[in-house]
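Listed below are the residues making up each chain.
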Amino acid sequence: MEDSERGPCAVPALSHHGHQHPELAELRGLEGRLDGDHRQRRGHCAADPRTVLLQTTALLGILLLAFSYFWLLVPEEQQLQQLGLFCCICTISMYLSPMADLAKIIHTKSTQGLSWPLTIASLLSSACWTFYGLRFQDPYITVPNLPGILTSLLRLWLFWKYPQERDRSYQHLQT
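Treat the numbers as computed from the prediction; the structure is a model and nothing was measured.

**With respect to the overall build of the protein chain**
Helix and strand counts for the protein chain come out as 7 helices and 2 strands. The buried share of the protein chain, taken over its 175 residues, is 26%. In the protein chain, of all internal contacts separated by at least 6 residues, the share reaching a separation of at least 24 is 60%. Accessible surface, the protein chain as shown: approximately 13100 Å² in total, 65% of it carbon and sulfur.

Here you go:
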């Protein structure tokens, strides 16, 4: 949404009410400051839904092509091994993806972009699957989950080194 005063990606909650009700003009100004502050902390606006849809469709197409390759072109005796390797690569990529922001986190000394619950869930999940893979001596389960443990521990260290502060930029409204 485009707003002439605040630019693109404005929060529409109070966007047009300030013109009709003068008492809401101050709230509209506060909304603009909060929205600008939020965009500044996040570094960007939310992605365009069409772009997200296009990227999702492209990734689903790649996935469909990969699985078609495994079932149509790979000999049956090699399918399980090659599919396991493909799944390992996907899982390792998933666990390494939060590390793309590592330089930004260290530069800004802020973990605002990291999710604490997701870090804990990732650590528990990857640890459980690693122990399961070790128990059944399955490298297709063990190997891709080891980076999950390592990256989760690294994110926990980042939370310890750069603790998240309570957001004090939001002011209480006078009633």
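Next comes the rest of the account.
**Focus on helix α6 (residues 116–135)**
Taking 1.5 Å per residue as the helical rise, α6 with its 20 residues ought to reach 28 Å, and the 29 Å between its terminal C-alpha atoms agrees with that figure. Along α6, the positions that sit buried rather than exposed are Thr119, Ser122, Leu123, Ser126, Ala127, Thr130 and Gly133. In a view along the axis of α6, the buried residues occupy a sector of 130 degrees, so they form one face of it. Along α6, exposed side chains directed more than 90 degrees from the buried face belong to Pro117, Leu124, Cys128, Phe131 and Arg135. On its buried face, α6 is in contact with α4 (76–96) and α7 (139–161).

**Here's the deal with unusual backbone geometry**
Phi at Lys109 is positive, roughly 55 degrees, even though this residue is not glycine. Position of Lys109 relative to the elements: it lies in the loop between α5 (102–108) and α6. Look at Gln137: it is not a glycine, yet its phi comes out positive at around 50 degrees. Mapping Gln137 onto the fold places it in the loop between α6 and α7. What makes Gln137 exposed here is its relative accessible area of 70%.

**Quick notes on the packing of aromatic side chains**
Scanning all chains against the criterion turns up 8 aromatic pairs. Judged by centre distance (6.0 Å) and plane angle (80 degrees), the rings of Phe67 and Phe86 are edge-to-face. A residue pair is termed long-range when its members are at least 10 positions apart, and Phe67 in helix α3 (residues 49–72) and Phe86 in helix α4 qualify at 19 residues. Phe86 gets classed as partly exposed once you look at its relative accessible area, which sits at 21%.

**Some words on the nonpolar core**
With 5 residues, the main nonpolar core is built from Ile105, Leu114, Leu158, Phe159 and Tyr162. With residues up to four places along the chain from it excluded, the contact list for Tyr162 reads Ile105, Ile106, Lys109, Ser110 and Thr111.

**A look at the environment of Ile105**
Mapped onto the secondary structure, Ile105 falls in helix α5. You can call Ile105 buried: its relative accessible area is 6%. For the pair Ile105 and Leu158, spaced 53 residues apart in sequence, the C-alpha to C-alpha distance is 8.2 Å. Discounting residues that sit within four places of it in the chain, Ile105 has contacts with Ser110, Thr111, Leu114, Leu158 and Tyr162.

**Points about the confidence of the model for the protein chain**
A residue-level look at the protein chain finds 68% of positions with pLDDT of 70 or above and a mean pLDDT of 75. When mean pLDDT is compared element by element in the protein chain, α6 scores highest at 92, while helix α1 (residues 17–20) scores lowest at 44. Counting contacts from residues 1–21, a segment whose pLDDT is below 50, to residues more than four positions away or on other chains yields 41 contacts. Across residues 37–44, where pLDDT falls below 50, the model places 12 contacts with residues more than four positions away in sequence or in other chains.

**Thoughts on the packing of α3 against α4**
Direction vectors running N to C along α3 and α4 enclose 160 degrees, while the axes themselves pass 9 Å from each other. Regarding the angle of α3 to α4, the classification is roughly antiparallel. In terms of crossing hand, the pair formed by α3 and α4 is right-handed. When α3 is examined against α4, the residues Leu63, Ala66, Phe67, Tyr69, Phe70 and Trp71 are found in contact with a partner set consisting of Gln79, Gln82, Leu83 and Phe86. Of the residues contributing to the contact of α3 with α4, the split by class is 8 nonpolar, 2 polar and no charged.

The rules we used
- Residues numbered from 1 in each chain as written.
- Predicted model: local features only at pLDDT ≥ 70, side-chain atom pairs only at ≥ 80, totals over all residues.
- Heavy atoms only, no water.
- Helix = DSSP H or I, 4+ residues; strand = E, 2+ residues; numbered from the N terminus.
- Buried < 20%, exposed > 50% of the residue type's maximum accessible area, 1.4 Å probe, protein only.
- Contact = heavy atoms within 4.5 Å.
- Areas by Shrake-Rupley, 256 points an atom, 1.4 Å probe, with all protein chains shown as cover.
- Expected span 1.5 Å × (residues − 1).
- Arc of directions from axis to C-beta.
- Phe/Tyr/Trp six-rings, centres within 6.5 Å; stacked < 30°, edge-to-face > 60°.
- Core = buried A, V, L, I, M, F, W, Y, C linked by side-chain atoms within 4.5 Å.
- pLDDT = per-residue confidence, 0-100.
- Axes fitted to C-alpha atoms, helices over the stretch in contact; angles between N-to-C directions.
- Parallel < 35°, antiparallel > 145°, perpendicular 65-115°, else oblique.
- Left-handed = near helix turned anticlockwise from the far one by under 90°.
- Nonpolar A, V, L, I, M, F, W, Y, C, P; charged D, E, K, R; others polar.

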